[in-house]
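Single-letter residue listing:
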Amino acid sequence: MLILLKHRLPVSACLFMGWIILNGCMGDSDATYVDLSDRMVVDRSGDDSRDKAYLKVAVGSIMSAQETVVYYHQLLEYIANKLGRQIQLVQRKTYGEINELIGLGQIDLAFICSGPYAGGKEKFGFHALAMPRVRGSHLYQAYLIVTKDSYFQKLDDLRGKNFAFTDPESNTGKLVPTYWLAKTGVKSEDFFGKTIYTYSHDNSIRAVAMSLVDGAAVNGQVWEYYNQSDPVFTAKTRIIKRSQPFGNPPVVASAHLSNQMKARIRNLLLEMHLDPAGKKILDELMIDGFIAPKEECYDPILAMKKSL
């Protein structure tokens, strides 16, 4: 069992980890990561048995496992304190694994990517509770990024080059660039020289910054967050294309969670910005607040999936 401290890794460690992660050492660990707080246990083991004592919460691999704990720690502790429940943070490598566990009722609440939500809400019975509003908008974009000093100016310049996707089910990290290429009659496997999956947007940003790949498609909000809070990697990248807007990644509940608990969580999220303690946490996360989901904002994702 490993105690995971609530601090960012130094830059040298991040560089080292980025190198290891992007060279095939991203398999799931059997370790259970236990946070230092009294309210939250972080579980990355393969045991999906349901423990009624905990509210099981998952975060899709928008960020790497270590960054997820740092980024979401205060928010999850806030939810735990408001509900008077302990939280078990369940981490899995792929969006698909998270979706399956939500559908089985082995995860109660999840912060997931827009792509897996739009494509899986019917199959897995997601109940969208809220969506974040960030920098005045409930929408976000995919960014196509390249190394800062490269000559690349447009997507076609990456023909035959190495490229990083995030997850096979990711909207911004896989679907969008695949759709861009499909509109020109080209498949990604025929266009790029080599592709890899990094399984998080921060790892994709690092891969480009460290010139491990020539380009990547990432969640624009993740890029903007790091560019404002810790630009050590984003400063080494450059945005050459932005997608159309999509609905921000929602907070969803399992169909197995009681309606009463769903209502409690929905209300506390929607009112979080009115609570000084909640507002402080949201400000640190660069989130204005949570709003009711706008389902029509996910229609462009479904349209892209259908066209492919």
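Everything below is about the structure shown above.
Within any chain, residue numbers begin from 1 and follow the written order of that chain's sequence. pLDDT decides what is reported in this predicted model: residues at 70 or higher carry local features, side-chain atom pairs at 80 or more are listed and counted, and totals for whole chains, interfaces and linings draw on all residues regardless. Side-chain metrics in this entry use all non-hydrogen atoms of the structure; hydrogen atoms and water are not considered.

Student: How should the packing of helix α4 (residues 114-124) against helix α11 (residues 299-307) be read in this particular structure?
Tutor: Axis angle and axis distance: for two packed helices, these are the angle between their axes and the distance between the axes, and together they describe the pair. To obtain each axis, a line is fitted to C-alpha atoms, and for helices this fit is confined to the stretch in contact; angles are then taken between N-to-C directions over 0 to 180 degrees. A run of H or I in DSSP becomes a helix once it reaches four residues, and a run of E becomes a strand once it reaches two; helices and strands are each numbered from the N terminus. It is the contact of α4 with α11, at a shortest axis distance of 9 Å, that shows an interaxial angle of 75°. Between α4 and α11, the angle falls in the class roughly perpendicular. Contacts from Ser 114, Gly 115, Ala 118 and Gly 119 of α4 reach α11 at Ile 301, Leu 302 and Lys 305. The classification used treats Ala, Val, Leu, Ile, Met, Phe, Trp, Tyr, Cys and Pro as nonpolar, Asp, Glu, Lys and Arg as charged, and all other residues, Gly among them, as polar. For the contact of α4 with α11, the class distribution of residues is three nonpolar, three polar and one charged. Convention used here: angles under 35 degrees read as roughly parallel, angles over 145 as roughly antiparallel, angles from 65 to 115 as roughly perpendicular, and any remaining angle as oblique. In what follows, a contact means two residues having at least one pair of non-hydrogen atoms within 4.5 Å.

Student: Teacher, can you tell me more about the nonpolar core here?
Tutor: A general feature of soluble globular proteins is that nonpolar side chains tend to end up buried together. Counting residues in hydrophobic clusters, the biggest one holds 49 residues, and the most contacted among them are Leu 75, Ile 79, Phe 111, Ile 145, Ile 265 and Phe 290. Residue contacts for Leu 75: discarding those within four places in its chain leaves Phe 111, Met 272, Ile 281, Leu 285 and Phe 290. What we call a nonpolar core is a set of buried Ala, Val, Leu, Ile, Met, Phe, Trp, Tyr and Cys residues that are connected through their side-chain atoms within 4.5 Å. Relative accessibility thresholds used throughout: buried, under 20% of the residue-type maximum; exposed, over 50%; partly exposed, between the two (1.4 Å probe, protein chains only). The next biggest cluster of nonpolar side chains, apart from the first, holds 38 residues, and it includes Phe 126, Ala 128, Val 146 and Phe 191.

Student: What is the right way to read the packing of aromatic side chains from this model?
Tutor: Geometry of an aromatic ring pair is reported as the spacing of the ring centres plus the angle between the planes. Only Phe, Tyr and Trp rings take part, Trp by its six-membered ring, and two of them pair if their centres are within 6.5 Å. Stacked means planes under 30 degrees apart, edge-to-face means over 60, and tilted covers everything else. Under the definition given, this model contains 14 aromatic pairs. Here Phe 191 and Phe 192 contribute two aromatic rings whose centre-to-centre distance is 4.9 Å and whose plane-to-plane angle is 85°, an arrangement assigned as edge-to-face. Residue classification places Phe 191 among the buried residues on the basis of a relative accessible area of 3%. According to the relative accessible area criterion, Phe 192 is buried, its value standing at 5%.

Student: Teacher, can you tell me more about the pairing of strand β10 (residues 162-165) here?
Tutor: Each regular strand shows side chains that alternate between the opposite faces of the sheet. Where β10 meets strand β11 (residues 194-197), four bridges bridge the pair, whose relative direction is parallel. Across the sheet, residue Ala 164 finds its bridge partner in β11, namely Ile 196. For two strands to be treated as a pair, DSSP must find no fewer than two bridges joining them. Looking at chain direction, β10 and strand β12 (residues 215-219) are connected through two bridges and run parallel. Considered in β12, the bridge of Ala 164 is made with Ala 216.

Student: Even after reading the chapter, I still don't get helix α5 (residues 171-182), so can you show me in this structure?
Tutor: Two residues of an α-helix separated by three or four positions point the same way, owing to the 3.6 residues in each turn. In terms of residue burial, α5 counts as a mostly covered element, since 10 of its 12 residues are buried. Among the residues of α5, those classed as buried are Asn 171, Thr 172, Gly 173, Lys 174, Leu 175, Val 176, Pro 177, Thr 178, Trp 180 and Leu 181. N or O atoms closer than or at 3.5 Å make up a polar contact, with two conditions inside protein: a donor-capable atom paired with an acceptor-capable one, and, for residues adjacent in sequence, both atoms drawn from side chains. Between the side-chain oxygen of the N-cap and the backbone nitrogen of Gly 173 there are 2.8 Å, and the N-cap of α5 in question is Ser 170.

Student: Quick question: what am I supposed to make of the pairing of strand β4 (residues 54-59) here?
Tutor: Counting buried residues along β4, six of its six residues qualify, which places the element largely inside the surrounding structure. Across five bridges, the pairing between β4 and strand β5 (residues 86-90) is parallel. Residue pairing across strands places Val 57 opposite Leu 89, the latter belonging to β5. The sheet contact formed by β4 and strand β6 (residues 109-111) spans three bridges and is parallel. Paired with Val 57 across the bridge in β6 is Leu 109.

Student: When you look at the sheet that holds β12 in this model, what are you seeing that I'm missing?
Tutor: Two orientations exist for strands paired in a sheet by backbone hydrogen bonds: parallel and antiparallel. The sheet built from five strands is open, its strands ordered β11-β10-β12-β9-β13 with mixed pairing. In the strand order of this sheet, the two ends are held by β11 and β13 (237-242), each with one partner. The sheet shows a mean angle of 30° between the axes of neighbouring strands, taken without regard to direction. Running at roughly 90° to β12, helix α8 (residues 220-229) makes contact with β9 (142-147), β12 and β13 of the sheet.

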